[in-house]
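Listed here are the chains, written in short residue letters.
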Amino acid sequence: MLDQDSMSTSIVLATLAGDPARLRAALDDARIPYRLLATPTQIAQAADAPMVLLLNDPGSQSSPDLPPRAAATTAVVKDLTAEGEEALMRAGVNEVVALDDVTPSALARAINRARVRHAMAHDAEGSRRAAYGMLDRLPLALILTRPDGRIVHANAHAARLLADGRALTRTREGLLVAARGDDTARLREAIAAVAGETASNSGDGVNEGAIAVRSRDDDRTLSVILVPAGPAHPGAALFIADPDADYSISDDRLMSLYGLTRSEAQIVARLARGLTLEEIAATRGQQLNTIRTQVKSVFRKTNTRRQSDVIKLVLSGPAVITAMPAARPPAARPVAPEPAAE
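None of the values given here were measured: they were computed from a predicted structure. The numbers attached to residues start from 1 for each chain and follow its sequence in the written order. Given that the model is predicted, a residue must reach a pLDDT of at least 70 before its local features are reported, and side-chain atom pairs must reach 80 or more before they are shown or counted; all residues, however, enter totals for whole chains, interfaces and linings. Side-chain figures throughout are based on the complete set of non-hydrogen atoms in the structure, without hydrogens or water.

A. Summary view of the overall build of the protein. Looking only at helices and strands, one finds eleven helices and 14 strands in the protein. When burial is assessed residue by residue, the protein has 41% of its 342 residues classed as buried. Residue exposure ignores everything except the shown protein chains as possible cover, and the areas themselves are Shrake-Rupley values with a 1.4 Å probe. Per element, the accessible surface of the protein, about 18,400 Å² overall, is 51% carbon and sulfur. What counts as a helix is a DSSP run of H or I of at least four residues, what counts as a strand is a run of E of at least two, and both are numbered from the N terminus. Only protein chains enter the accessibility calculation, which uses a 1.4 Å probe; a residue whose area is less than 20% of its type maximum is buried, one above 50% is exposed, and one in between is partly exposed.

Structure (structure tokens):
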């Protein structure tokens, strides 16, 4: 039986099949407060309330006809089958009970299990969203795919590349494709290999792949490293370096990490973006000699001797991990069909 203190919100009893008298009696005997809803409109409006749902067995259908839910759901099923139970669990029901097995104590335990499972799923979803948010801070574009090349997730950098469509995009079916057909074929082969579909288990370590993906007009090449996404989620992780990416590195982080003044940090950030000293002087409205003096100060503080050393230090250090790409609205492009092999 549920502790009354745990019942912060009353249960909603919704019936999609038959007489709910047995369920009402079980809830009453278990001293679980509930509201009875009978119409589809009432049921839909109660999406945020824990629900006990009486319905017929859905059989093996992949998408049972269920009301939208945002809270714990316990399904009580007439003539329950193993196939129907699996279909309901896959549809997001937190607990499934056969109507013939309903007793006050069994129903109370089922409702409690549904609450716990819903809370765990909610926490897991929050963790997943947080993890995906962290992926947006990587200095590379990252795409996660299934073994067949279907995109599971693209971080913010990758989403911009896909929307731009000059080198990579996705089909209406969600498959990752390149702008050139021959690159698509090589991409698919590499994804399947690292995902384990065509790679032999030689015991030599983790399968990896590396390919270059060209834009259709050959004015841009993306470098792609592929590694397995992991045994829990078979597929591939694609790390993509975009030569056109324009990163805005935080001045404050450079100041904190390397003891630079704000002016020095701004110069270093521009060096990391590929500007020359002359271009930096022009954009800042300063004399070239002033910029050179500040760069020498940067050398002393970072224990480096050349501009290339400073750039390598910044781009391989933690400052770039928290850098976000400068906003660049993607070109409006229709979703491309899968290119044919060239």
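B. Representation of the side chain of T15 in the model. In this fold, T15 is placed in strand β1 (residues 11-15). Throughout this description, a polar contact denotes any pair of N or O atoms lying within 3.5 Å of each other; where both atoms belong to protein, one of them has to be capable of donating a hydrogen while the other can accept it, and for residues adjacent in sequence the pair is counted only when both atoms sit in side chains. A polar atom in the side chain of T15 sits 3.5 Å from the backbone nitrogen of A17. Within the structure, the side chain of T15 is placed 3.1 Å from the backbone oxygen of G18, a separation counted as a polar contact.

C. A look at the packing of helix α8 (residues 262-272) against helix α9 (residues 277-284). Where α8 contacts α9, the two axes come as close as 10 Å, and the packing angle between them is 130°. Taken together, the axes of α8 and α9 lie oblique to each other. Considering the relative orientation of α8 and α9, their crossing is right-handed. Residues S263, Q266, I267, R270 and L271 of α8 lie in contact with α9, whose contacting residues are L277, I280, T283 and R284. For this classification, the nonpolar set comprises Ala, Val, Leu, Ile, Met, Phe, Trp, Tyr, Cys and Pro, the charged set comprises Asp, Glu, Lys and Arg, and every other residue, Gly included, is treated as polar. Among the residues forming the contact of α8 with α9, the class breakdown is four nonpolar, three polar and two charged. What counts as an axis is a line fitted to C-alpha atoms, over the stretch in contact for a helix, and the angles between N-to-C directions run from 0 to 180 degrees. An angle below 35 degrees is read as roughly parallel, one above 145 as roughly antiparallel, one from 65 to 115 as roughly perpendicular, and any other as oblique. Each crossing gets its hand from how the near helix is turned against the far one by less than a right angle, where anticlockwise is left-handed and clockwise is right-handed. Whether two residues are in contact is decided by their heavy atoms, any of which lying within 4.5 Å being enough.

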